[in-house]
Amino acid sequence: MTAGAGPIIRVRGLAKSFGNHAVHEGLDLDVRRGEIIGIVGGSGTGKSVLLQQIVGLVKPDAGRIEVFDQSVRDTSQADYRALRRRWGVMFQDGALFSSLTVRENVEAPMREQLNLPDGLRETLAGIKVRMVGLSDSAQDKHPSDLSGGMRKRAGLARAIALDPEIVFLDEPTAGLDPIGAAAFDTLIGRLRTALGLTVFMVTHDLDSLHAICDRVAVLAEKKVLTVGTMAEMMDVDHPWVREYFDGPRARAAQAGAGGQGA
């Protein structure tokens, strides 16, 4: 984040309940421009719900969400549409349209948001597909013809279709084998550098946290309990945080990362 610049995402006093079940109460979070931040927490802590509220898919009960210093909740339809052009979202398993080819899936945001000639739109979609490491032959395949890792890459290509400033990723490495997950982590890191992205990543993958995340935000007790680097997580005196970041799997992930925090 440049000197004097505020956070690219600012969440204050967020509250969300489903029926009698409160998911968030008084949740605050700042996301810095250019960082990769990992969002972690136990089951039911509302990690994906937080992402969905930030991008406007779920309406919070209370609180304020600002992206690029603009309110997501209290804004006109035209202003919200303009905001949406500045971020991309990759949902679990890519969430691709099954009836469309990979190229057509990547073109979908362009059709919705941009007035481009067909040829230019197809060319740009092809560039995005290649940027995420898929071959040209994958462009004309349908999601059912792809492996899980390829579907995730196609979903990422669609998420960057409009050259966004922020990419939201929901469990991007879930279901991948360790080699595929490591390759996807590397891809995210490279795209962040190449495109100047800010990456908001919901994950439970300790290897990803060590490999590419600049900071980690822990959701617990219906709020963001703590935010910091992986090294700083070691100093947090909370049972879930200690078990998650200093348990056997965490130590194995840290060893695999060469013993270095993100």
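Whatever comes next refers back to the structure up there.
Model, not experiment: these values are computed from the prediction. (Residues numbered from 1 in each chain as written. Predicted model: local features only at pLDDT ≥ 70, side-chain atom pairs only at ≥ 80, totals over all residues. Heavy atoms only, no water.)

(A) Geometry of the packing of helix α5 (residues 148–159) against helix α6 (residues 178–195). Contact geometry for α5 and α6: axes closest at 11 Å, N-to-C directions at 15°. The angle between the axes of α5 and α6 places the two elements in the roughly parallel class. Crossing of α5 against α6: the hand is right-handed. On α6, the residues touching Lys 152, Arg 153 and Leu 156 of α5 are Ala 183, Phe 184, Leu 187 and Leu 191. (Axes fitted to C-alpha atoms, helices over the stretch in contact; angles between N-to-C directions. Helix = DSSP H or I, 4+ residues; strand = E, 2+ residues; numbered from the N terminus. Parallel < 35°, antiparallel > 145°, perpendicular 65-115°, else oblique. Left-handed = near helix turned anticlockwise from the far one by under 90°. Contact = heavy atoms within 4.5 Å.)

(B) Expanded view of the sheet that holds strand β2 (residues 21–31). Pairing is antiparallel in the open sheet, where 4 strands are placed in the order β2-β1-β4-β5. Edge positions in the sheet fall to β2 and β5 (70–71), since each has one partner strand and no second. One ladder, built from 5 bridges, connects strand β1 (residues 9–18) with strand β4 (residues 62–67); its direction is antiparallel. By the bridge assignment, Arg 12 is partnered in β4 with Arg 64. Where helix α1 (residues 47–54) meets the sheet, its contacts fall on β1, β2 and β4, and the angle it forms with β1 comes to roughly 120°. (Pairing = 2+ DSSP bridges.)

(C) Examining the packing of helix α3 (residues 102–113) against helix α4 (residues 118–131) more closely. Here α3 crosses α4 at 120°, and the two axes come no closer than 9 Å. Read as a crossing pair, α3 and α4 show a hand that is right-handed. Each of Val 102, Arg 103, Val 106, Glu 107, Met 110 and Arg 111 in α3 lies in contact with α4, whose residues at this interface are Arg 121, Glu 122, Leu 124, Ala 125, Lys 128 and Val 129.

(D) Region of the structure containing the packing of aromatic side chains. Under the counting rule described, the total for this entry stands at 5 aromatic pairs. With 4.9 Å between their ring centres and 80° between their planes, Tyr 244 and Phe 245 make a pair best called edge-to-face. Exposure remark for Tyr 244: the relative accessible area of 16% places this residue in the buried category. Members of the aromatic cluster, connected to one another through ring pairs, are Tyr 80, Trp 87, Phe 168 and Phe 200. One residue, Lys 16, lies across the ring of Phe 18, its end atom 5.2 Å from the ring centre. (Phe/Tyr/Trp six-rings, centres within 6.5 Å; stacked < 30°, edge-to-face > 60°. Buried < 20%, exposed > 50% of the residue type's maximum accessible area, 1.4 Å probe, protein only. Lys NZ or Arg CZ within 6 Å of the ring centre and 35° of its normal.)

(E) Just helix α9 (residues 239–246), in detail. Residues of α9 that are buried include every one of Val 241, Tyr 244 and Phe 245, and no others. Angularly, the buried residues of α9 cover 80° about the axis, an arc narrow enough to put them on a single face. Every exposed residue of α9 that faces more than 90 degrees away from the buried side is listed here: Pro 239 and Glu 243. (Arc of directions from axis to C-beta.)

(F) Summary view of the nonpolar core. The biggest cluster of nonpolar side chains holds 43 residues, and the ones touching the most others in it are Val 132, Leu 156, Leu 169, Ile 188, Met 201, Leu 209 and Phe 245. With 5 residues, α6 is the largest single contributor of residues to this core. (Core = buried A, V, L, I, M, F, W, Y, C linked by side-chain atoms within 4.5 Å.)

(G) Molecular detail of the pairing of strand β7 (residues 166–170). Extensive coverage of β7 is indicated by the burial of 5 of its 5 residues. The alternating pattern of β7 places Ile 166, Phe 168 and Asp 170 and Val 167 and Leu 169 on opposite faces, both of which are buried. When strand β6 (residues 87–90) meets β7, the two strands line up parallel, connected through 4 bridges. Bridging from a neighbouring strand, Met 90 pairs with Leu 169 of β7. Where β7 meets strand β8 (residues 198–202), 5 bridges bridge the pair, whose relative direction is parallel. Residue pairing for β8: Asp 170 is matched across the bridge by Val 202. Read from β7 through α6 to β8, the crossover connection turns out right-handed. (Right-handed = clockwise from strand over helix to strand, strands pointing away.)

Purely geometric numbers; function is a separate question.
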